Amino acid sequence: MTVYYKTEIVDGLAIFYREAGNQENPTILLLHGFPSSSHMYRNLIAELSNEYHIIAPDYPGFGNSDQPSMADFAYTFDNLADVMDAFVEQLPLKKYSIYVHDYGAPVGFRLAIKHPERVQAIISQNGNAYEEGLLSSWAPVRTYWENPADDASINNVLGLLKPEFTKQQYVNGTRNPEKISPDSWNLDQYVLERPGNSEIQLALLYDYQNNLKQYPSWHEYFRTYQPPTLVAWGKNDMFFGPDGALAYQKDLKDVDVHLLNTGHFPLEEDLEISVALIKRFLGERIKELENGVQ
């Protein structure tokens, strides 16, 4: 398995991405979460690229992609999705399944609404789309939404960018924290501590409230287009609870929900289970789509 580390210039921004697998195979677009990057998919790419064409980009301000200043780029989820939409069109990707994790959900579902004909299937691994999934740990962020100029609110949210909290996102809720590589949270923290990045993350956390306003349109997309969906959720997630996983069943007919006994980043502890679920699910659904079975 060979992974290629590439860069695509999108609207003047250098967007880094990982690519692996035969381009003739079905494509999976891997959309990362906070505060991570395509690095979170390094092991998944190795497991899937023998059967699938894999594309895993970094958003502006994340990973190895450009980090334009706040003056030059408005860090909103609408804009992240617009950049990813242009990125997909430039490659180009005509059909793909989307794997969404954390921030990947608001980015990916915006893409799906804009181009429903492109999305063959959805894999949501702790990619929230329902109010039921938002746990009490969101309280500091909700307070910040209400009081964005308040110093105490700002400082509480800035606490989410500290090294100890970045580590907690990886180890909290896991069965054996000693099996989780520190490389992941150390790499994420390196990016978080780049000059100007804390302001970027504050802007995105403030804008996250607009994702909640998008939920009804995402649900309408689910009901209208009925994309086959696999939900493989770390049930001990400190941000997105298992009710968020189960809620997908309200709007989707072909939805396969699994609650894994791990935390926010299931691929770090339950890679093998995740790979098996993805291969079985996509193997069946993509074959049905190619054969014209709805």
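Look above for the structure.
Scoring rules and cut-offs
- Residues numbered from 1 in each chain as written.
- Predicted model: local features only at pLDDT ≥ 70, side-chain atom pairs only at ≥ 80, totals over all residues.
- Heavy atoms only, no water.
- Buried < 20%, exposed > 50% of the residue type's maximum accessible area, 1.4 Å probe, protein only.
- Helix = DSSP H or I, 4+ residues; strand = E, 2+ residues; numbered from the N terminus.
- Pairing = 2+ DSSP bridges.
- Phe/Tyr/Trp six-rings, centres within 6.5 Å; stacked < 30°, edge-to-face > 60°.
- Lys NZ or Arg CZ within 6 Å of the ring centre and 35° of its normal.
- Right-handed = clockwise from strand over helix to strand, strands pointing away.
- Axes fitted to C-alpha atoms, helices over the stretch in contact; angles between N-to-C directions.
- Core = buried A, V, L, I, M, F, W, Y, C linked by side-chain atoms within 4.5 Å.
- Contact = heavy atoms within 4.5 Å.
- Left-handed = near helix turned anticlockwise from the far one by under 90°.
- Nonpolar A, V, L, I, M, F, W, Y, C, P; charged D, E, K, R; others polar.

The element strand E2 (residues 13-20) is largely enclosed, with a buried count of eight among its eight residues. Burial of the side chains of E2 extends over both faces: Leu13, Ile15, Tyr17 and Glu19 are buried on one face and Ala14, Phe16, Arg18 and Ala20 on the other. In terms of strand pairing, strand E1 (residues 3-10) meets E2 through eight bridges, oriented antiparallel. Residue pairing in the sheet places Tyr4 in a bridge with Glu19 of E2. Sheet analysis places E2 next to strand E4 (residues 53-57), joined by four bridges and oriented antiparallel. Residue pairing across strands places Ala20 opposite Ile54, the latter belonging to E4.

A few words on the packing of aromatic side chains. Using the criterion set out here, one finds 27 aromatic pairs in the structure. Note on Phe222 and Tyr248: the rings are 5.7 Å apart at their centroids and 40° apart in plane angle, and the pair reads as tilted. Taken together, the positions of Phe222 in helix H9 (residues 209-225) and Tyr248 in the loop between helix H10 (242-246) and strand E8 (255-260) put the pair 26 residues apart, joining distant regions of the chain. Phe222 gets classed as buried once you look at its relative accessible area, which sits at 0%. Here a set of aromatic residues connected by ring pairs shows up, and it is made of Phe34, Tyr59, Phe62, Phe77, Tyr103, Trp138, Trp145, Phe165, Tyr208, Phe239 and Phe240. If you follow Lys6 out to its NZ or CZ, it ends over the ring of Tyr4, 5.8 Å from the centre.

Turning to the pairing of strand E6 (residues 119-124), a few remarks are in order. Most of E6 is tucked away, with six of its six residues classed as buried. With five bridges connecting them, strand E5 (residues 96-100) and E6 associate as parallel partners. Residue Ser97 lies in a different strand from E6, and its bridge partner there is Ala121. Once you follow E5 into helix H3 (residues 104-114) and on to E6, the crossover reads as right-handed.

Below, the discussion takes up the sheet that holds E8. Taken in spatial order, the eight strands line up as E1-E2-E4-E3-E5-E6-E7-E8 in an open sheet, and their pairing is mixed. Edge strands, defined here as strands with exactly one partner in the open sheet, are E1 and E8. Going from strand to strand, the sheet's axes swing by 20° on average, the running direction of each strand aside.

What tends to happen in soluble globular proteins is that the nonpolar side chains get buried as a cluster. Residues Leu29, Tyr103, Phe109, Tyr208, Phe222 and Tyr248 are the most contacted members of the largest nonpolar core, which totals 66 residues. Ranked by residues supplied to this core, first place goes to helix H2 (residues 77-90) with eight residues. Setting aside anything within four residues of it in sequence, one finds Phe109 in contact with Ile98, Val100, Ile122, Ala129, Trp218, Phe222 and Tyr248. Counting residues in each nonpolar core, the second largest holds 31 residues, with Leu44, Leu48, Ile54 and Tyr99 among its members.

This brings us to helix H6 (residues 163-171). Listed as buried for H6 are Phe165, Thr166, Gln169, Tyr170 and Val171. Elements in contact with the buried residues of H6: helix H7 (182-192) and helix H11 (266-269). Looking at the residues trailing H6, positive phi occurs at Gly173, about 85°.

With that out of the way, let us pick up the packing of helix H4 (residues 139-146) against helix H5 (residues 151-158). Remark: H4 packs on H5, axes separated minimally by 9 Å, with the N-to-C direction vectors making an angle of 145°. For the pair H4 and H5, the sense of crossing is left-handed. Contacts between H4 and H5 involve Pro140, Val141, Thr143 and Tyr144 on the former and, on the latter, Ser153, Ile154, Asn156 and Val157. Residues belonging to the contact of H4 with H5 are distributed by class as follows: five nonpolar, three polar and no charged.

Just distances and angles here, no functional claims.
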